[in-house]
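Structural characterization, general
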Amino acid sequence: MKAATAEDKRWTRKHLLGLEELSADEIRFVLDTASSLKEVSTRSVKKVPALRGKVVVNAFWEASTRTRTSFELAAQRLSADVIDFSESGSSVSKGETLIDTARNIEAMGIDVIVIRHPAAGAAELLSRSVRCSVVNAGDGAHEHPTQGLLDLYTIRERFGGKVEGKKVAIVGDIANSRVARSNVWGLTKLGAEVMLVGPPTLLPRSFEQLGARVTHDFDSVIGEVDVVNMLRVQFERIKSSQFPSVREFTSMYGLTWDRFQRCKKDVFIMHPGPMNRGIEIQSDIADGPQSGILQQVTNGLAVRMAVLYLVTQVGG
Amino acid sequence: MSSILIQNGTILDPSQKLERKGDLLVRNGKVAASGNNLGKADQVIDARGCFVTPGLIDIHVHFREPGDEEEETIASGAASAVAGGFTSVCCMPNTKPALDNEAQIEFVFQESERVGLANVYPIGAITKSRAGKELAEIGSMHRRGAVAFSDDGVGVADASVMRKALQYSKMFDTVLMQHCEEPTLSGGPMHAGLMSTTLGMPGVAAEAEQLMIARDLLLNRTIGCRYHVQHISTAWSVELVRRAKRDGQAVTCEVAPHHLLLTDESCRGYDTNFKMNPPLRSAADVAACIEGVKDGTIDCLATDHAPHLAEEKELEFQNAPFGIIGLECALPLYVKALIEPGHIDWMRLIELMTSASAAIVKLNKGTLREGADADVTIIDPQRRWTIDAEQFASKSRNCPFNGREVTGRPIATIVGGAVKWRLQ
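Residues numbered from 1 in each chain as written. Chains lettered and ligands numbered in written order. Predicted model: local features only at pLDDT ≥ 70, side-chain atom pairs only at ≥ 80, totals over all residues. Heavy atoms only, no water.

**Observations regarding the domain arrangement of chain A**
Reports often express the size of an interface as the amount of accessible area lost when the parts come together. Residue and element names in this part refer to chain A. Condition: Either an automatic procedure or a domain database provided the assignment from which the domain bounds are taken. Contact criterion: two residues are considered in contact whenever any of their non-hydrogen atoms come within 4.5 Å of each other. Joining two parts hides part of their accessible area as seen by a 1.4 Å probe, and the buried area is that hidden amount summed over both. Salt-bridge detection follows one rule: a side-chain nitrogen of Lys or Arg within 4 Å of a carboxyl oxygen of Asp or Glu. Think of a polar contact as two N or O atoms within 3.5 Å of one another; within protein, one of them needs to be a possible hydrogen donor and the other a possible acceptor, and neighboring residues in sequence only count if both atoms come from side chains. Here a helix means four or more residues in a row that DSSP labels H or I, a strand means two or more in a row labelled E, and each is numbered from the N terminus.
Split by domain assignment, chain A resolves into domain 1 (24-144 + 297-312) and domain 2 (146-294). Each of domain 1 and domain 2 was reduced to a C-alpha centroid, and the two centroids are 26 Å apart. Of the residues lining the interface, 29 residues belong to domain 1; the matching set on domain 2 comes to 26 residues. For the pair domain 1 and domain 2, the two sides together bury roughly 2,200 Å², of which 55% comes from carbon and sulfur. The largest contributions to the domain 1 side of the interface with domain 2 come from Ile27, Leu31 and His144, which together make up 28% of the buried area. Notably, a salt bridge pairs arginine 156 with aspartate 32, separated by 2.9 Å at the nearest N-O pair. Our enumeration of links across domain 1 and domain 2 arrives at 17 residue pairs in polar contact (both at pLDDT 80 or more). Looking at the side of domain 1 that touches domain 2, the elements that each hand over two or more residues are helix H1 (24-38), helix H2 (66-77), strand E3 (112-117), strand E4 (133-139) and helix H12 (293-312). With nine residues, H1 is the single largest residue contributor to the side of domain 1 that touches domain 2.

Following this line, the structure appears as structure tokens:
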């Protein structure tokens, strides 16, 4: 792989907090770096020494299996030491503030904190309070930049390197989705056309000002899109009456077999997981040949390797 | 008692529509005379180049005592007040426990007197423990000197309780102040709009404020109690008050400096010193508040001085408490928001900070007439300075304007005929 160095002007960020602040060139550079790192996972010895002697902490204030595992594996493949720090058995449950906890972790000599937190802005707050690198693994409904990057990577791979001009529908609970926000920033920067689809209670009009098209009628756009990215239905939203029932949601916004058949023949189906099979997406579509769901997971590893690698090359 | 002669300033007294170069003599705690050649005094203050105005009055502050004395006390709050040119302030009852009975009202008066800086007047709670269920002893607190009633921090959500409060308070001719926020539309840490969408935070809809104002105006239409909207912040809120005034309703309202200067754009970066309730709104809302000041819909200016410790504020935006401090930088911020762009002149600004405020809470203050209480603020309108929260007399530092270059500053504050603060 081509190593980025401290002098490399293509990447100068010590933290990855979101895709909003990245330029198109920076995004492409992360994706290119991920490309060259993807090959590592196909070797019989799945390891490079790039981060040997570095320490990465996974600090997760919110339950997560796949993102945490993916970051852990990514760090290990780069030969970093990885520490897992999550809610159970830590001082998080003892009422310590985020900043205090983070400073304590950092005092042990840490190079990167990967943070997942239920509060929007938590990663940015952390980045102002510690000297090590901070990678946002999801902060409230704000951003989930590595998910955005891996989605971009997967779309780019699927369409032979081209994201520009592709029409991408993101469907479901947009208002509460950090995945949707990171996707909107990333896709629009790379020139894709983003259509957000969901009921008005889960999709405020203000998203139009972020550069996306907003529609409440899935069927009106189903035939023209190249990619359908289905978001997970969050059942607690039903309790707060953001929509009346799962049944009604599925009938209006689920990727059913009937809707799938009205899609373009080469439509690409994505889902950030974990899926509610039969609710937002029908099982045989998720498992079918046009689904990129497992590729997303595979690419997530490469993208996170790239991110960990790049932020640790920047001084400080 | 001693006498003070304030020389060579420009006496600016909106209560008399007076703007005149000259001297002001105070003696035995009262304004003795104004004019020229007023004779000798024990103490002389040179006010050349300065305005000599009635002492500034703020009808909306939080002094946190009893309960959160580490954030502010009546003593530190009063010190902060005089350092900002304020001679009288009205403190909100959302202390722990709440100021909801006459003993608590008496406590504030006693503590204010003991401290002996600014006059601190208590505002009593509308409901017991500010819980919104049962009326507090409004009559007893009123007799004891509570200048107004409010459950500030929250609005009285229950319409039947609010109606009873309006009906009951009417007989005392006191004023009910409402923190207008319909709780079922609330719950977010910032204004609902493009910025909350971008930052991924739930928003407080502007309608949460508007709905409660509209409801209260409707409830009060046939009752006619004096009703005051606290910290007004949205365009339609201002319009609702404007229309009610046109209809002859007994309604007044106030606006805070931050709602005249900042928008929700400031929340980018998740700095919790930009988190307050009501939240920073859109540019259109700011423009409407300024228009409300210009056309008289907004009756007075108030800071909503709300101290919090740094460690309380150093949290995730959604978990941090609401509120910012304002007493020690309010005047230059109003200058920046209202005078520098040419919206109003100094006479009007001082009126909005003195006689207009006094009228709402029926304080016999806010004037430099002969015989009035000698509460006087001397203001250098040209003085340029940098706001430095570290220098504040307040116990707290949660000020989003820290580091701002501003113009205009009080240089001396006289309360009851004695100098309580001078700029060092």
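**As for the sheet that holds strand E13 (residues 226-229) of chain B**
Threshold: The criterion for strand pairing is that DSSP finds at least two bridges linking the strands in question.
With parallel pairing, the five strands of this open sheet are ordered in space as E9-E10-E13-E14-E15 (chain B). Pairing within the sheet leaves two strands with one partner each, and these edge strands are strand E9 (149-150) and strand E15 (300-301) of chain B.

**With respect to the interface of chain B and chain A**
Spelled out, the test is: Ten residues, namely Ala, Val, Leu, Ile, Met, Phe, Trp, Tyr, Cys and Pro, are considered nonpolar, four, namely Asp, Glu, Lys and Arg, are considered charged, and the remaining ones, Gly among them, are considered polar.
Every contact between the two is made by 16 residues of chain B and, on the other side, 24 residues of chain A. Among the residues of chain B in contact with chain A, B:Thr197, B:Tyr270 and B:Glu316 are the three that bury the most area, contributing 37% of the side total. At the boundary of chain B with chain A, the tally comes to one salt bridge. With its nearest N and O atoms 3.0 Å apart, the salt bridge here joins B:Arg268 to A:Glu20. Summed over the shared surface of chain B and chain A, the number is six residue pairs in polar contact (both at pLDDT 80 or more). Here the residues of the side of chain B that touches chain A sort into five nonpolar, seven polar and four charged.

**Overview of the side chain of A:Arg77**
Residue and element names in this part refer to chain A. Test applied: Three exposure classes are used, based on accessible area relative to the maximum for each residue type with a 1.4 Å probe and protein chains only: buried under 20%, partly exposed in between, and exposed over 50%. The positive count covers Lys and Arg only, the negative count covers Asp and Glu only, and His and the chain ends enter neither.
The topology assignment puts arginine 77 in helix H2. As a buried residue without a salt bridge, arginine 77 has its nearest oppositely charged side chain in glutamate 39, at a separation of 11 Å. A polar atom in the side chain of arginine 77 sits 2.6 Å from the side chain of serine 41. Sequence-distant contacts of arginine 77, defined by excluding residues within four places in its chain, comprise Ser41, Lys46, Lys47, Val48, Leu301 and Met305.

**Here we look at the state of the cysteines**
Residues and elements named next belong to chain B. We count it as follows: Count a disulfide wherever a pair of cysteine sulfur atoms falls within 2.5 Å.
Inspection of the entire model under this criterion finds zero disulfides over all chains. Its sulfur unpaired, cysteine 180 is 9.7 Å from the next cysteine sulfur, which belongs to cysteine 253. Classification of cysteine 180 by relative accessible area gives buried; the value is 6%. Left unpaired, cysteine 225 is separated from the closest cysteine sulfur, that of cysteine 180, by 13 Å.

**So, the nonpolar core**
Where a protein is soluble and globular, its nonpolar side chains tend to be buried together. As a reminder of what qualifies: Working definition of a nonpolar core: buried Ala, Val, Leu, Ile, Met, Phe, Trp, Tyr and Cys residues. They are joined through side-chain atoms within 4.5 Å.
Ranked by size, the top nonpolar core spans 72 residues in total, and within it B:Val229, B:Leu260, B:Val293, B:Leu301, B:Leu338, B:Trp346 and B:Leu349 carry the most contacts. The dominant element in this core, judged by the number of residues it contributes, is helix H11 (residues 330-339) of chain B, at seven residues. Each of two domains, domain 1 (3-51 + 373-422) and domain 2 (55-361) of chain B, supplies a minimum of three residues to this core. In terms of nonpolar packing, the next biggest core, distinct from the first, is built from 64 residues, A:Leu37, A:Ala302, A:Leu308 and A:Val311 among them.

**A look at unusual backbone geometry**
Omega for the peptide link from A:Gly273 to A:Pro274 comes to -10 degrees, which places this bond in the cis form. The residue A:Pro274 is located in the loop between strand E9 (268-270) and helix H11 (283-286) in this model. B:Glu65 connects to B:Pro66 through a cis peptide bond whose omega is 5 degrees. Relative to the assigned elements, B:Pro66 resides in the loop between strand E6 (56-61) and helix H1 (74-83).

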